[in-house]
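One-letter residues, chain by chain:
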Amino acid sequence: MKALVLSGGAGTRLRPFSYSMPKQLIPIANKPVLEHVLENIRAVGITEVGVIVGDWADEIAEVIGDGSRLGLRITLIPQEKPLGLAHCVALARPFLGDDDFVMYLGDNMVPGGIAGIAADFTARRPDALVVVHKVRDPRAFGVAELAPDGSVQRLVEKPERPRSDLALIGVYFFTAAIHEAVAAVEPGARGELEITDAIQWLVTRGSRVTASEYSGYWKDTGRVEEVLACNRQLLGEQDARVDGEADAASRLTGRVVLEAGARLVRSTVTGPAVIGAGTVIEDSTVGPHTSIGRDCLLREATLTDSIVMDGASITAVTGLRGSLIGRNAVVGAGAEGDGHRLVIGDHTRIEVAA
C-alpha cells in the first residue's frame with residue numbers, strides 16, 4: 001500500500017501565517033502538522049508516500065526532505081493550482097500505479113492514528129473506505145449516509161438538513177477502482193474535481209464503498225482556534241522530560257518538556273508545555289498549554305495557552321494568552337494587562353499597547 005498526502009492548499013483561513021508558510025507546517029506541540037501526518041502513515045507500515053505540493057513546494061521539501069529522516073521514501077508531486085482532491089489523485093496516478101493507497105489531507109490531526117482503520121481496509125478490501133467522525137453540527141462538513149450494514153449509500157457536501165452526523169475527516173482508503181471514477185466525473189460548482197463525486201460514482205455503479213468510524217480526537221487545523229485547541233490536546237498527552245537547563249531560581253511544574261539546549265533563568269513554566277532547543281527564558285512565566293519553538297527569547301514576559309514559533313522574541317509583555325506568534329517575530333513594549341491575544345505572522349515587529 002502507498003500513501004498520498006495533500007499539501008497544496010492555500011490556507012486562506014490561517015492568514016497571516018499562510019502568507020509566509022504553508023498551513024501544513026504550522027507547529028503543533030513543536031512539530032509540523034505534516035510531520036504528525038507522516039508519522040501516522042509510517043505507523044501502519046507504509047513507506048512509499050507521494051506528497052502533493054503547490055506554491056510552497058520548496059518550504060515543504062526543506063522540512064520533510066526525501067523522507068529518510070522519518071523512515072519514508074517521499075515523492076513530491078507538483079500541482080500548479082488547487083483543482084480538487086480528485087484532481088490530486090489523477091496527478092498522482094503515475095506514482096500510485098494500481099496499488100491500494102490511503103489519501104490523507106495534510107492539515108488533519110488524528111492523534112489516535114489510523115492503524116485500526118488501515119487493518120479494517122486490508123481485511124475487507126472494499127473499493128473505497130471513507131473515514132468518518134461523529135460531529136455535533138454536520139452542516140459544515142461532507143457527510144456520509146450509511147446503510148444498516150455500514151456501506152455508504154450517499155455522500156452529501158455540507159447539507160442544510162443533514163440525515164447523518166458522520167462527517168468525512170479527510171482520510172480515505174482506495175483500491176485502483178478510484179481511478180476509473182476520477183476519470184468519469186466532471187468538475188463541480190467550484191470548478192474542481194471533487195473526491196466525494198468520484199466516491200459517489202462508485203456507489204452509484206454498485207461498487208463496494210464502506211465507512212470506518214474514528215472515535216478519537218480529531219481536528220482540521222484550518223483556523224487559529226483549531227490549531228490552539230489541538231496544541232492543548234497534544235501537550236496534555238506528553239510526558240515530562242528535562243534535557244535543558246533550569247537555574248536554582250526557576251521552577252517547572254507538571255508535564256513540561258525542556259529540550260536540550262533550552263535554558264531557564266529565574267522563570268516558571270507550568271505544564272503541559274514544551275520549550276524548544278536553544279530557547280532562552282529569563283524572568284518570565286509560561287503557563288499551561290504553551291509551545292515555544294527553537295531559538296526563541298522570552299524576557300520579562302508572561303504568556304499562556306499559546307504557540308510561539310522558531311526564532312521569535314517576546315520582551316516585557318505580560319498577559320499574552322491564546323496567541324499565535326510567527327517565526328522570527330518580535331513582540332515588545334512592556335505593556336501591562338490581562339487578556340492580550342496576538343495572531344501575528346513571520347518576521348513581524350509589534351508593540352503591544354496597554
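In the block above lies the structure referred to throughout.
An account of the accompanying structure is given in this report. The shown structure was predicted, so the numbers you read here are calculated from the model rather than taken from an experiment.

Conventions used here
- Residues numbered from 1 in each chain as written.
- Predicted model: local features only at pLDDT ≥ 70, side-chain atom pairs only at ≥ 80, totals over all residues.
- Heavy atoms only, no water.
- Helix = DSSP H or I, 4+ residues; strand = E, 2+ residues; numbered from the N terminus.
- Contact = heavy atoms within 4.5 Å.
- Areas by Shrake-Rupley, 256 points an atom, 1.4 Å probe, with all protein chains shown as cover.
- Lys, Arg positive; Asp, Glu negative; His and termini not counted.
- Charge placed at Lys NZ, Arg CZ, Asp CG, Glu CD.
- Disulfide = S-S within 2.5 Å.
- Buried < 20%, exposed > 50% of the residue type's maximum accessible area, 1.4 Å probe, protein only.
- Axes fitted to C-alpha atoms, helices over the stretch in contact; angles between N-to-C directions.
- Parallel < 35°, antiparallel > 145°, perpendicular 65-115°, else oblique.
- Left-handed = near helix turned anticlockwise from the far one by under 90°.
- Pairing = 2+ DSSP bridges.
- Core = buried A, V, L, I, M, F, W, Y, C linked by side-chain atoms within 4.5 Å.
- Phe/Tyr/Trp six-rings, centres within 6.5 Å; stacked < 30°, edge-to-face > 60°.
- Polar contact = N/O pair within 3.5 Å; in protein donor to acceptor, adjacent residues only side chain to side chain.
- Salt bridge = Lys/Arg side-chain N within 4 Å of Asp/Glu carboxyl O.

1. A word on the overall build of the chain
Along the chain, the regular secondary structure elements total nine helices and 32 strands. Long-range pairs, those at least 24 residues apart, make up 48% of the contacts in the chain between residues at least 6 apart in sequence. Only carbon and sulfur atoms are counted for the fraction: they give 46% of the accessible area of the chain, which is about 15,300 Å². Mean positive and mean negative side-chain charge positions of the chain (36 and 46 charges, respectively) differ by 3 Å.

2. Section: the state of the cysteines
Counting across every chain of the model gives zero disulfides. Looking at the unpaired C230, the closest cysteine sulfur is the one in C296, lying at 20 Å. Taking the relative accessible area as the measure of exposure, C230 reaches 0% and is therefore buried.

3. Looking at the packing of helix α7 (residues 177–184) against helix α8 (residues 195–204)
Running from N to C, α7 and α8 point in directions that differ by 115 degrees, and their axes come no closer than 8 Å. Relative to α8, the element α7 lies roughly perpendicular. The handedness of the crossing between α7 and α8 comes out as right-handed. Every residue of α8 that contacts α7 at A177, I178, E180, A181, V182 and A184 is listed here: I195, A198, I199, W201 and L202.

4. A closer look at the sheet that holds strand β23 (residues 290–292)
Across the sheet, which stays open at both edges, the seven strands sit in the order β14-β17-β20-β23-β26-β29-β31 with parallel pairing between neighbours. If you trace the sheet from one side to the other, it starts and ends with β14 (241–242) and β31 (343–344), each paired once. Note that β23 and strand β26 (residues 307–308) share two bridges and pair parallel. Paired with S291 across the strands is I307, a residue of β26.

5. Regarding the nonpolar core
Core analysis: the largest hydrophobic core is formed by 45 residues, its most contacted members being V5, L38, V49 and F173. The residues contacting L38, other than those within four sequence positions of it, are V5, V49, I64, L70, L72 and I74.

6. Considering unusual backbone geometry
Trans is the prevailing form of peptide bonds, just as negative phi is the prevailing case for residues other than glycine. Of note, the amide linkage connecting G271 to P272 takes the cis form, showing an omega dihedral of 5 degrees. Residue placement: P272 occurs in the loop between β19 (268–270) and β20 (273–275). The phi torsion at H289 lies on the positive side, around 60 degrees, for a residue other than glycine. Within the fold, H289 resides in the loop between β22 (285–286) and β23.

7. Observations concerning the packing of aromatic side chains
The description of an aromatic ring pair uses the distance of the two centres, along with the angle that the planes make with each other. Overall, the coordinates contain four aromatic pairs when judged by the stated rule. Summarising the aromatic geometry, the rings of F101 and F174 are spaced 5.4 Å apart at their centres and angled 50 degrees between planes, so their arrangement reads as tilted. With F101 in strand β6 (residues 101–105) and F174 in strand β11 (residues 166–174), the pair connects residues that are 73 residues apart, well separated along the chain. Here Y172 and F174 contribute two aromatic rings whose centre-to-centre distance is 6.0 Å and whose plane-to-plane angle is 5 degrees, an arrangement assigned as stacked.

8. Looking at the side chain of Q79
Looking at where Q79 falls in the secondary structure, it is placed in the loop between β5 (73–78) and α4 (85–91). Of note is the side chain of Q79, whose polar atom sits 2.9 Å from the side chain of H87. Those residues within four positions of Q79 in sequence are excluded, and the remaining contacts are I52, V53, G54, G84, H87, C88 and L91.

9. Some remarks on the sheet that holds β22
Strands sit in the order β16-β19-β22-β25-β28 across an open sheet of five strands; the sheet is parallel. Strands with a single pairing partner mark the edges of an open sheet, and in this sheet they are β16 (251–253) and β28 (320–321). One ladder, built from two bridges, connects strand β25 (residues 302–304) with β28; its direction is parallel. Bridge pairing in β28 places T304 opposite R321.

10. Brief notes about the pattern of salt bridges
Scanning the model with the defined rule gives 16 salt bridges in all. Note that D99 is salt-bridged to K2, the shortest N-O span being 3.2 Å. Of the two residues, D99 sits in the loop between α5 (93–96) and β6 while K2 sits in strand β1 (residues 2–7), which places them 97 residues apart along the sequence. The class for D99 is partly exposed, based on a relative accessible area of 35%. As a salt-bridge pair, R73 and E48 come within 2.5 Å of each other at their nearest N and O atoms. Highlighted residues: R73 in strand β5 and E48 in strand β4 (residues 48–53), separated in sequence by 25 residues. R73 sits in the partly exposed class, given a relative accessible area of 49%. A relative accessible area of 24% means that E48 is categorised as partly exposed. Among the charged side chains, a salt-bridge network with shared partners connects E145, R154 and R163.

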